[in-house]
Amino acid sequence: MPIRHFLAALLCLPTLAFAAEVRIFAAASLKESLDAVSRKFEQSSGHKVIAVYAASSALARQIENGAPADLFFSADIDWLDYLTQRNLTVQSSRRDLLGNELVLISPVSRNVSVALAPNAPLAAALGDSRLAIANPDVVPAGKYARAALTHLQLWKQVENKLARAENVRVALQFVARGESTLGVVYRTDALAEKQVRIVATFPPSSHPPIVYPVVKLKAASTPAADALLKFLAGSEAAAIWRQHGFSVLPQKPSP
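Remember, predicted model here, so these are calculated numbers, not experimental data.

Participant: Looking at this structure, how should I read the pairing of strand E6 (residues 131-134)?
Facilitator: Two faces belong to every sheet, and in a regular strand the side chains alternate between them. Of the two faces of E6, the one lined by Leu131 and Ile133 and the one lined by Ala132 and Ala134 are each fully buried. Where E6 lies against strand E7 (residues 162-165), four bridges are found, and the strand directions are parallel. Note on E7: the bridge partner recorded for Ala134 is Ala165. Here E6 pairs with strand E8 (residues 182-186) via two bridges, running parallel. Bridge assignment links Ala132 to a residue of E8, and that residue is Gly183.

Okay, structure coming up:
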């Protein structure tokens, strides 16, 4: 082997030796954006990202029951706090990273118009259909939806006409397939699905702020978790989050 090739091979060894897998449990609504961010991180670091997507509530309970994960990226603060209260997170690593909006959607093939105002005829707009939302008892998107509909005095109209989904992406698909005339999802979900359109946006004052926090877990098994966490809050990732419709929240300087 020519000496220059041998030296080049030696230079590659540290990167290969320190390459690692980082497992992140993330809210279903992050799918496209986090996949894109992960690809950028993999290219720059040599590490491999394994992302597991589901409702934040389901993921938090899996982590509580011992599922292997390095980072948790929730669609609300409550489920991250749930794990922190059980001493499963590294509190100092927490970043409140992203914001989102809540929207009412319909299939692109349906010409539905609803003004999101107090006592609006939402049930009449549904007709014989059901309102698709994530489970409002536990899933962040569903909890935000119930809060917004309650604030606008619309919840009683529709609480018996719900198509409850296990996560927000399932609710999105109910509408995309035309199984529900209307649904409540995040703006980023609506932008990711060509078969739905946004009918109206819920006033921010109608529900608690939508905040996506991310945290390192105490069970993290690789130092690469810290590198991914830093990358998620960096400028390269910020451009991708915004491209997919998220707002990027101001970050406090690292201590």
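Participant: What is the right way to read the packing of helix H2 (residues 31-45) against helix H10 (residues 224-232) from this model?
Facilitator: At a minimum axis distance of 11 Å, the contact between H2 and H10 shows a crossing angle of 120°. Taken together, the axis directions place H2 and H10 in an arrangement best described as oblique. When the axes of H2 and H10 are compared, the crossing they make is right-handed. Here H2 contributes Leu34, Val37, Lys40, Phe41 and Ser44 to the contact with H10, which in turn contributes Ala224, Ala227, Leu228, Phe231 and Leu232. Looking at the contact of H2 with H10 residue by residue, the class counts come to eight nonpolar, one polar and one charged.

Participant: Sorry, what's going on with the sheet that holds E6 here?
Facilitator: Paired through their backbone hydrogen bonds, the strands of a sheet run either parallel or antiparallel. Reading across from one edge, E7-E6-E8-E5-E9 is the order of the five strands in this open sheet, with mixed pairing throughout. Every interior strand has two partners, whereas the edge strands, E7 and strand E9 (196-201), have only one. Neighbouring strand axes in the sheet, compared pairwise and without regard to direction, differ in orientation by 35° on average. Sheet topology note: the strand E5 (residues 102-107)/E8 ladder contains four bridges and is antiparallel. Residue pairing for E8: Val103 is matched across the bridge by Val185.

Participant: It is not clear to me how the nonpolar core should be interpreted in this structure. Could you clarify?
Facilitator: Side chains of a nonpolar character, in soluble globular proteins, are inclined to be buried together. Within the largest apolar cluster, 72 residues are counted, with the highest numbers of intra-cluster contacts made by Leu30, Phe73, Leu104, Leu131, Tyr212, Leu232 and Trp241. When neighbours within four sequence positions are excluded, Trp241 is seen to be in contact with Leu30, Ser33, Leu34, Val37, Phe73, Leu97, Leu98, Leu232, Phe246 and Val248. Counting 13 residues, the second-largest nonpolar core is a separate cluster that includes Ala69, Phe72, Trp79 and Tyr82.

Participant: Sorry, what's going on with the environment of Ser129 here?
Facilitator: Residue placement: Ser129 occurs in the loop between helix H5 (122-126) and E6. Along the primary structure Ser129 and Leu162 are separated by 33 residues, whereas in three dimensions their C-alpha atoms are 8.8 Å apart. Ignoring anything within four residues of it in the chain, the contact list for Ser129 reads Lys161, Glu179, Ser180 and Thr181. In this structure the side chain of Ser129 is engaged in a polar contact, spanning 2.8 Å, whose partner is the backbone nitrogen of Thr181.

Participant: Would you mind going over the packing of H2 against helix H11 (residues 235-243) with me for this structure?
Facilitator: To characterise two packed helices, one gives the angle between the axes of the helices and the distance between these axes. At a minimum axis separation of 9 Å, H2 and H11 run at an interaxial angle of 155°. Judged by the angle between their axes, H2 and H11 are roughly antiparallel. When you trace H2 past H11, the crossing you get is right-handed. Only Glu236, Ala237, Ile240 and Trp241 of H11 make contact with H2, whose side of the interface consists of Ser33, Leu34, Ala36, Val37 and Lys40. Residue classes in the contact of H2 with H11 are distributed as six nonpolar, one polar and two charged.

Participant: How do you make sense of the sheet that holds strand E10 (residues 211-216) when you look at a structure like this?
Facilitator: A sheet is described by the order of its strands in space; here six strands give the open sequence E2-E1-E3-E10-E4-E11, paired in mixed fashion. A single partner strand is all that each edge strand has here, and the edge strands are strand E2 (48-54) and strand E11 (247-248). In the sheet, strand E1 (residues 21-27) pairs with strand E3 (residues 71-73) via three bridges, with the strands oriented parallel. Of the residues in E3, the one forming a bridge with Ile24 is Leu71. Those strands touched by helix H3 (residues 56-64) are E1, E2 and E3, and its axis lies near 135° from that of E1.

Participant: Got a minute to help me understand the pairing of strand E4 (residues 95-99) in this structure?
Facilitator: Of the pairings in the sheet, the one linking E4 to E10 comprises four bridges and is antiparallel in character. If you follow Leu98 over to E10, its bridge partner there is Tyr212.

Cut-offs and rules
Residues numbered from 1 in each chain as written. Predicted model: local features only at pLDDT ≥ 70, side-chain atom pairs only at ≥ 80, totals over all residues. Heavy atoms only, no water. Buried < 20%, exposed > 50% of the residue type's maximum accessible area, 1.4 Å probe, protein only. Helix = DSSP H or I, 4+ residues; strand = E, 2+ residues; numbered from the N terminus. Pairing = 2+ DSSP bridges. Axes fitted to C-alpha atoms, helices over the stretch in contact; angles between N-to-C directions. Parallel < 35°, antiparallel > 145°, perpendicular 65-115°, else oblique. Left-handed = near helix turned anticlockwise from the far one by under 90°. Contact = heavy atoms within 4.5 Å. Nonpolar A, V, L, I, M, F, W, Y, C, P; charged D, E, K, R; others polar. Core = buried A, V, L, I, M, F, W, Y, C linked by side-chain atoms within 4.5 Å. Polar contact = N/O pair within 3.5 Å; in protein donor to acceptor, adjacent residues only side chain to side chain.

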